[in-house]
Amino acid sequence: MPPESNTAAPLQIPLRPLSAAARSALLLAAGGALLGPAAAQSSGAEPGLALQPSLQLQERLPGGRELAGPTFLLGDRIEGQTDVQTRVEGHAELRRHDLVLKADRLEHQVANDTVHASGGVRVNRLGNIYQGSELKLKLDSNEGYFLQPRFTLLKNGGQGEASRLDFLGPNQSSAERAVYSTCSRPDSGPWKPDWWLSASRMEFDTATDTGTAHGGVLHFKGLPILGAPYVEFPLSDQRRSGLLPPSLNIATQSGIEVALPYYLNLAPRRDATLTPTLMSKRGVDLGGEFRYLESDFSGELSGAYMPGDKLRDADRWSASIQHRQGFSSVPGIDHLGLRLNLNRVSDDNYWRDFPRAGKGLGLTQRLLPSEAVLNWGRGDWSFSAGSYSWQTLQDPAPAAQIVAPYDRVPSLAARLAPAPFSLAGNPDWEGSLQTELTRFATDRTIQIGDGKSATVLGGDRALVLAQLSKTWQAPGWFVKPGLQLHARQYQFDQAIGSGQSSQGLALPTLSLDSGLFFERDARFFGRDLVQTLEPRLYYSRTPYREQGYLPSYDNAPFGFSLATVYLPNPYAGNDRIADLDALTLGATTRLLQPETGAELLSLGIAQRYRFREQRVTLPGESTVASGLTDLLLGARVQWTPQWSASAELQYNPESGESTRSTLGLRYLPGPYRVLNAGYRVKQQSQQSASDASRQLDLGWQWPLQALFGTTPAGVAGRGLGPQQWYSVGRINYSLPESRIVDLLAGFEYDAGCWIGRVVVERLQNSTSSANQRIMFQLEFSDFTRIGSSPLQSLRNNVPRYQYLREEINPPSRFERYE
C-alpha cells in the first residue's frame, strides 16, 4: 500500500489512447508520492489544482502553482521505488502543466525532482521545443543541460542548433557553439537557412525576450555580412534598449547618409531614440525623439541639430512638440482637454534640404503650425481658447511664393448646440449659437479694390453666428427652411483704406432646402437591386454689403463640387459673406443592395443659377456674373468589393469644355494586391484650355508572379508565401510637360524568413530641381533590419499599402501542445 498523501487525484483527461500493449501510467502528486490508479482515486483529500471555468487556456499558472500541479508519467514499462525514483522505457513521456518530455528512456529522481532522459529526447516547455540526444533537468528549478540540441522558439519562430544547451533557471539558458535563425527547418534533410547568426556562446532570456550572442557573426546566403563581439537580438516584439541597425541612404543633395540610431526603453510608457546621421556632403545631423503615453496624456518631442551645414554654410535645426492632455482624473472637471502642436525650423530652405525630417505633417511642409488649444465641454455648451501661429517657409522664386496666414493670438470661442427643441409649441427645431473673439497679427498686404492695397498689422474680430432651422419630412420628401445671422465687429491697430479703425457688420442669410425620394425594385446585370431617384432643390439669399475694404483674415474658397454647391456661402471663414442669390437644382440616383443597403452605384448632377451678379469676392478675384454656373456631374461605383471607381466633371455649357475633371479607379482583389489610378484636369484660365493642368497619378502593390501565373493563397500576417516578388510604388506624372513630378517605386522580395527592398524616391522641391535617393533594405524576420527603411514612405504615399509582416495575434503554446 502506498503511504498516505495530502493530495487526491485530480481529474484525469486522456491525452491519447494507450497502445495495445499493456502501457503503465503513473501520477506523481505534489507531495512526491508514487500513486497507483486505485490509490489515487480513493484519496479524499482536497485537490491541489482546482478547476475554474475560463474561456481561454492559461499560458502559465499564477502564483507559483505550476510546482503544485501533478506530474504524469507514461510508457511501455514503468518501474521504481516509492519516494526514490521511477524509470520508464519505451515511448516514455513526462507531462506537467508547462512541460511535455518524450524520450526512449527516462529516469525521475524524486528527492531532487530531477529527470534524466536519453534517446530521441524531445522537450516542449511553454511552447518552446528542444530536441537532442541526452537531457538532464531539475524540474522544479529548470536547471540542467541538453546535449546536441535543436530548438524552436514559440514567440518568433526562431530556430537553432548547438553543441550543448544549459538551462540556468525558469527563463534563462545558454548555448555553446550555437547557430540561430528564423528560417524554417525542413521536416527531413539538413537545415540550410538563408541567413543565420553564429556565435561561440548564445544566451536566451525568455523573461525579457532577449538573446545575446558572444562573438556573433551574421551570415546571408553563406557570406558573413556583419560581426560584433557582443550582439543582442529580440525573441519577440517586446521593446528594449540598445543600438538599432544602421541606416544607409544615397541622396543627390546630402550624398551618402549613414544613421546609427540608439533606442532607450525608459519606462513601460516612455521611450526615446537618438539618431546621429553622417551626411558626406553636409556634415553630422544630431536627431532625437522622446515619446510618452499615459491614461490622461500622451505626446512626442523631436528635434535635430546640424552644426555648420556645408550646403548652406550655417547651423540648421528643427524642433517639434506634440502633446495631448485630458483632465478626466481631476475631480469636478469633465471634458477638459489640452492640445499642443508646436513646430519650428531654422530657415526657409529646411523643407527642401531635409525632406524626411518629420512624420506626417512634421517639419517637411512650407507652412508649419504652432498651436496651443484648451477645450472644454459641458452639456450643450463647448468652449475653446487657443493660440494659432505659423512659420512660413518662402521660396526665393516669386512664382513659388505662398501667402502667409494670419496668426490668431489668441482666439476664444464658445458654441451652443442643443438637441432638437420646441419653439412656440412646434417641435423638432434645430439651432446653434457660435461666438468668437480673435486677435489677428501679421504683416501682409491686401487688395481693397480699385487697384489699391493696404498693409494690415493686426486687429481684433468679435463674431456671433446664430442659426435656426426646422425640417418637415415624410418618407418621400423633406423641406428644411433655415435662417442665419452673421455679425462681426472689427477693431484695427491702424486705419485701413476706408479711413476707419473699427467696423461692424451684420448679414442675414435665408435658405430653403428640399428634396424628394423615390425608389423602385430593379434588376441590372442579373442582380436584384433597389434604385432611388432623389431630386433636390436648394435656394439661398444673402443681401449685399460692401466688404472689400475689410481684411480677409481667415477666408479661402471652397472647391466647386457636388458637396459645396449646396452651401449658402462659397467661402470658408468669416470675413467674406458672399451676396449670393441663387437656386441650385440637382438629382441623385443610387443602386442599393436590398439585403444590406450597400451602395453599388451613385450618379449625381447639379447646377446653380445666380439671379444676380455676385459682387463680394476674395482679394484678387473679380465679380461673378449672374446666370447659370458650370454643370457638375459625379459618379461613384463599387459593383464588386474588389473594384471601385469615382469621377467628377465640371462642364461649361457655353464653351463646351470641361474646366475641371477627376477620375479615380481602385482595384483591390486581395491581400497585398492593390492598384490605384487617378487622372486630374484643371483649366488654369477661362480664356484658354491649352494651359490646363493634367496629371496622372498611379499607385500600386502587386505580386509579380500574379502577372505570369497564379500565386499561393495568402497567409495572415506573412504575405502570400515564400519566394514572392512584389512591385510597389506611386508616380505623379504631368502630361503637358511630359515629366515625372514625384516618384516612389521599387521592389520587395519575400523569402519567408527575410525580405529585401529596393526603392527609388524622387521628390520635386522646385520648378527646376528635385531631390533623389535610393533606399536598400534587408529585413531578417523577427531579428533585425539592415539598410535604409522605405516603409514610412510607402505607407504615406501608396494608398492601401500592406506591410508584408502585418502584426498578428501572438502564438499560443497550446497550438503545439503534444
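Report on the accompanying structure.

### What about the state of the cysteines?
- Tallied over the full model, the rule gives one disulfide.
- Covalently, C183 is tied to C753 through a disulfide, its sulfur atoms 1.9 Å apart. Between C183 and C753, the disulfide has an S-S torsion of 60° and is therefore right-handed. Here C753 lies in the loop between β48 (739–750) and β49 (754–764) and C183 lies in the loop between β13 (172–181) and β14 (195–205), a separation of 570 residues in the sequence. No difference in accessibility class separates C183 from C753, as the two residues are buried.

### Structural notes on unusual backbone geometry
- Residue P410 is reached from V409 by a cis peptide bond, and omega for that bond is 0°.
- Within the secondary structure, P410 sits in strand β28 (residues 407–416).
- For Q148, which is not glycine, the phi torsion reads 50° and is therefore positive.
- Following the sequence through the fold, Q148 ends up in the loop between β9 (143–147) and β10 (150–152).
- Here Q148 falls in the exposed class, since its relative accessible area comes to 53%.

### As for the side chain of S469
- Within the secondary structure, S469 is located in strand β31 (residues 452–470).
- Among residues more than four places away in sequence, those in contact with S469 are W429, E430, K480, P481 and G482.

### Concerning the pattern of salt bridges
- Going through the model one piece at a time under the given rule, you end up with 43 salt bridges.
- Linking R95 and E93 is a salt bridge whose minimum nitrogen-to-oxygen distance equals 3.1 Å.
- The residue R590 makes a salt bridge to E599 at a minimum N-O spacing of 3.0 Å.
- Taking relative accessible area as the criterion, R590 reaches 23% and is therefore assigned partly exposed.
- Overall, E599 belongs to the partly exposed group, its relative accessible area being 28%.
- One salt-bridge network, held together by shared partners, links R282, D309, R312, R316, D347 and D353.

### A few points about the environment of Y292
- Within the element layout of this structure, Y292 appears in strand β22 (residues 283–293).
- Residues Y292 and A272, spaced 20 residues apart in sequence, show a C-alpha to C-alpha distance of 8.8 Å.

### As for the packing of aromatic side chains
- Scanning all chains against the criterion turns up 31 aromatic pairs.
- Seen in terms of ring centroids, Y180 and F783 are 6.3 Å apart; in terms of plane orientation they differ by 40°. Their pairing is tilted. Linking Y180 in strand β13 with F783 in the loop between β50 (770–780) and β51 (784–787), this pair joins segments that are 603 residues apart in sequence. Judged on exposure class, the residue Y180 and its partner F783 are both buried.
- On the basis of an interplanar angle of 50° and a centroid distance of 5.2 Å, the ring pair of W195 and F780 is categorised as tilted. Of this pair, W195 sits in strand β14 while F780 is found in strand β50, placing the two residues 585 residues apart along the sequence.
- Judged by relative accessible area, which is 1%, F780 ranks as buried.
- The ring of F354 is capped by R282, whose NZ or CZ atom sits 4.3 Å from the centre of that ring.

Cut-offs applied
- Residues numbered from 1 in each chain as written.
- Predicted model: local features only at pLDDT ≥ 70, side-chain atom pairs only at ≥ 80, totals over all residues.
- Heavy atoms only, no water.
- Disulfide = S-S within 2.5 Å.
- Helix = DSSP H or I, 4+ residues; strand = E, 2+ residues; numbered from the N terminus.
- Buried < 20%, exposed > 50% of the residue type's maximum accessible area, 1.4 Å probe, protein only.
- Contact = heavy atoms within 4.5 Å.
- Salt bridge = Lys/Arg side-chain N within 4 Å of Asp/Glu carboxyl O.
- Phe/Tyr/Trp six-rings, centres within 6.5 Å; stacked < 30°, edge-to-face > 60°.
- Lys NZ or Arg CZ within 6 Å of the ring centre and 35° of its normal.

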